[in-house]
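# Observations on chain architecture
If you want the building blocks of each chain, they are given just below.
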Protein chains: 2
Amino acid sequence: MGLLSRFFSKDKALLSSLNNMLGFYPSNINLYKSALRHRSAATEIKNGIKNSNERLEYLGDAILGAVVADYVFKKFPYKEEGFLTEMRSKIVSRESNNKLCRKLGLDALIQNNPDNSPNKSMHGDAFEALIGAIYLDKGYRVCRRFIIGRIIQHHLDIDTLENTETNFKSRLIEWAQRERKAFAFELAEESENGNRRLISIHAMVDGEVLGTGQDYSKKKAEQIAALDACKKLGIL
Amino acid sequence: MGLLSRFFSKDKALLSSLNNMLGFYPSNINLYKSALRHRSAATEIKNGIKNSNERLEYLGDAILGAVVADYVFKKFPYKEEGFLTEMRSKIVSRESNNKLCRKLGLDALIQNNPDNSPNKSMHGDAFEALIGAIYLDKGYRVCRRFIIGRIIQHHLDIDTLENTETNFKSRLIEWAQRERKAFAFELAEESENGNRRLISIHAMVDGEVLGTGQDYSKKKAEQIAALDACKKLGIL
């Protein structure tokens, strides 16, 4: 087989894998190649900028956030902003993105240098970069359809997620113990809202307000405050 | 004038203001009314859920993030992810959203209870909620065109923003002084990348890594690390 036909047959195999995974044929295969290129396998293109998947990951992260916000907004018409934020964090997390990458079989397509890529989030990053590539290649609507139809509805169980306490509270408490920080919840405010009491809770780390949560249930308000603090600490 | 015609003439005035502001007529005026309703003027609709703009603000924030990510991704094809993150933070911040609300004249349309709405971000929140309303009413493409064509290109000067150091470093240092925290930058890593040295910097608060930045320039890497830390502290 000549060099040229080998080159094309490699592309053909990738196109076919992607078609199975995505439900459509990519138009611009180079976008997907970039999405699958971990920085350990990247080469320089200009001024020290490498052709790794990091820019696409940045874009994909934002697009994924928008689509999932749209999804939870419509799925839960009678839930408040705090709940929507929490649901989105359960759907889109480093852990969840890593898993989704493997469920899709995307991990097998990643180009990396095995000697030089010890990275906890390599799989999740490639998943986000794939979303970025789909968005650029096919536009928002197709990308949204892929995320909702092929990812959320196929690989995630929203009802289970809704009822699972991703326990931000215990995650925060573990962190505080490890880092030898004082941690406590404080009641910030209670207000009457019709016939119900709305409770505001502060998550305090070393005496400083790090997170805030509001809900009609104290337990729920604590979870939201803990989630807020976890986000600020980057430990989601 | 009867009650009914007064009701419609009020809607008509709002429709006309929005048409001037947006460049199109809203299809579902109720979305925009919700976007303009501060929680101090909201009433309960179900199970303690109020018809304030908070859910739309949540949605709009995510959509705005996606559109601006797309914009900076394409505007700066040879910049790395850290730079794109920084540019987006300059374009979309609480301060900037508050200003944009007033530049659009949206602040005059907000429904609030003046006795009960002392809120630093009321204007910016309404701006984000407006983006959420446009997205639901007209879809992503129209919303994107509005954000890029009417907001970014009309009200923001990207070249100036690019060259302005939004000084995350000094913002972080001020915060640390106010909160009596020890603050320092630390060199985390230097690595050869072709013929250039890539520098990783940690922003340390009380001896703990709170932010990380990478760039070929030390000053730039410090800015990115400071931005990262500011985000985690919620002081952007």
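Residues numbered from 1 in each chain as written. Chains lettered and ligands numbered in written order. Predicted model: local features only at pLDDT ≥ 70, side-chain atom pairs only at ≥ 80, totals over all residues. Heavy atoms only, no water.

### Points about the relation of the copies chain A and chain B
In this structure, two copies of a chain are linked by a rotation about an axis accompanied by a shift along it. Between chain A and chain B, the superposition needs a rotation of 180° and an axial shift of 0.0 Å, giving an RMSD of 0.1 Å. What the rotation and shift describe, once combined, is the action of a two-fold rotation axis. Closest approach to the rotation axis within chain A is made by the C-alpha atom of Lys232 of chain A, at a distance of 1.9 Å. Both copies contact each other with a shared surface, as 100% of the interface residues of chain A are interface residues in chain B too. (Least-squares fit on C-alpha atoms with pLDDT ≥ 70 in both. Contact = heavy atoms within 4.5 Å.)

### A short note on the state of the cysteines
In the structure shown here, the tally under the stated rule is 0 disulfides over all chains. You can see Cys143 of chain A has no disulfide; the closest cysteine sulfur is in Cys101 of chain A, sitting 16 Å from it. The thiol of Cys230 of chain A is not disulfide-bonded; the next cysteine sulfur, from Cys230 of chain B, is found 20 Å away. Given the relative accessible area of 0%, Cys230 of chain A is considered buried. (Disulfide = S-S within 2.5 Å. Buried < 20%, exposed > 50% of the residue type's maximum accessible area, 1.4 Å probe, protein only.)

### Re the interface of chain A and chain B
Taken residue by residue, the interface counts 44 residues in chain A and 46 residues in chain B. When the two sides are added together, the surface that chain A and chain B hide from each other amounts to roughly 3,900 Å², 59% of it contributed by carbon and sulfur. The largest share of the area that chain A buries against chain B comes from Arg55, Tyr58 and Phe73 of chain A, three residues that together contribute 22% of it. At the boundary of chain A with chain B, the tally comes to 2 salt bridges. Salt-bridge contacts for Glu208 of chain B lead to Lys181 of chain A; the nearest nitrogen and oxygen are separated by 3.2 Å. Taken together, the connections running from chain A to chain B amount to 16 residue pairs in polar contact (both at pLDDT 80 or more). Within the residue set of the side of chain A that touches chain B, elements represented by two or more residues are strand S1 (44-46), strand S2 (49-50), helix H3 (54-75), helix H4 (81-91), helix H6 (122-138), helix H7 (140-155) and helix H10 (218-233) of chain A. (Buried area = accessible area lost by both parts, 1.4 Å probe. Salt bridge = Lys/Arg side-chain N within 4 Å of Asp/Glu carboxyl O. Polar contact = N/O pair within 3.5 Å; in protein donor to acceptor, adjacent residues only side chain to side chain. Helix = DSSP H or I, 4+ residues; strand = E, 2+ residues; numbered from the N terminus.)

### Thoughts on the domain arrangement of chain A
Accessible area lost on assembly of the parts is the figure often given for the size of an interface. Residue and element names in this part refer to chain A. By the assigned domains, chain A splits into domain 1 (10-163) and domain 2 (168-233). Taken residue by residue, the interface counts 6 residues in domain 1 and 8 residues in domain 2. Its largest share of buried area at the contact with domain 2, domain 1 owes to Glu80, Glu86 and Ser89, together 60% of the area lost on that side. At the boundary of domain 1 and domain 2, one finds 1 salt bridge. Here the element with the most residues in the side of domain 1 that touches domain 2 is H4; it accounts for 4 residues. Taken together, the residues that form the side of domain 1 that touches domain 2 break down as no nonpolar, 3 polar and 3 charged. (Domains from an automatic or database assignment. Nonpolar A, V, L, I, M, F, W, Y, C, P; charged D, E, K, R; others polar.)

### Things to note about the nonpolar core
Counting 106 residues, the largest nonpolar core has Leu106 and Leu130 of chain A together with Leu106 and Leu130 of chain B as its most contacted members. For Leu130 of chain A, the contacting residues outside a window of four places in its chain are Leu18, Met21, Leu22, Tyr32, Ala35, Leu104, Leu106 and Phe146 of chain A. (Core = buried A, V, L, I, M, F, W, Y, C linked by side-chain atoms within 4.5 Å.)

### Section: the pattern of salt bridges
Between side chains of opposite charge, a pair can form when the charged atoms approach closely. All names here are of chain A. For the structure on display, the rule yields 22 salt bridges over all chains. With a closest N to O distance of 2.8 Å, Lys33 and Asp11 form a salt bridge. Of this pair, Lys33 sits in helix H2 (residues 29-35) while Asp11 sits in helix H1 (residues 3-22), and the two are 22 residues apart along the sequence. Salt-bridge contacts for Glu222 lead to Lys218; the nearest nitrogen and oxygen are separated by 3.9 Å. In this pair, Glu222 and Lys218 both sit in helix H10, 4 residues apart, roughly one turn of the helix. Among the charged side chains, a network of salt bridges with common partners joins Asp70, Lys74 and Arg144.

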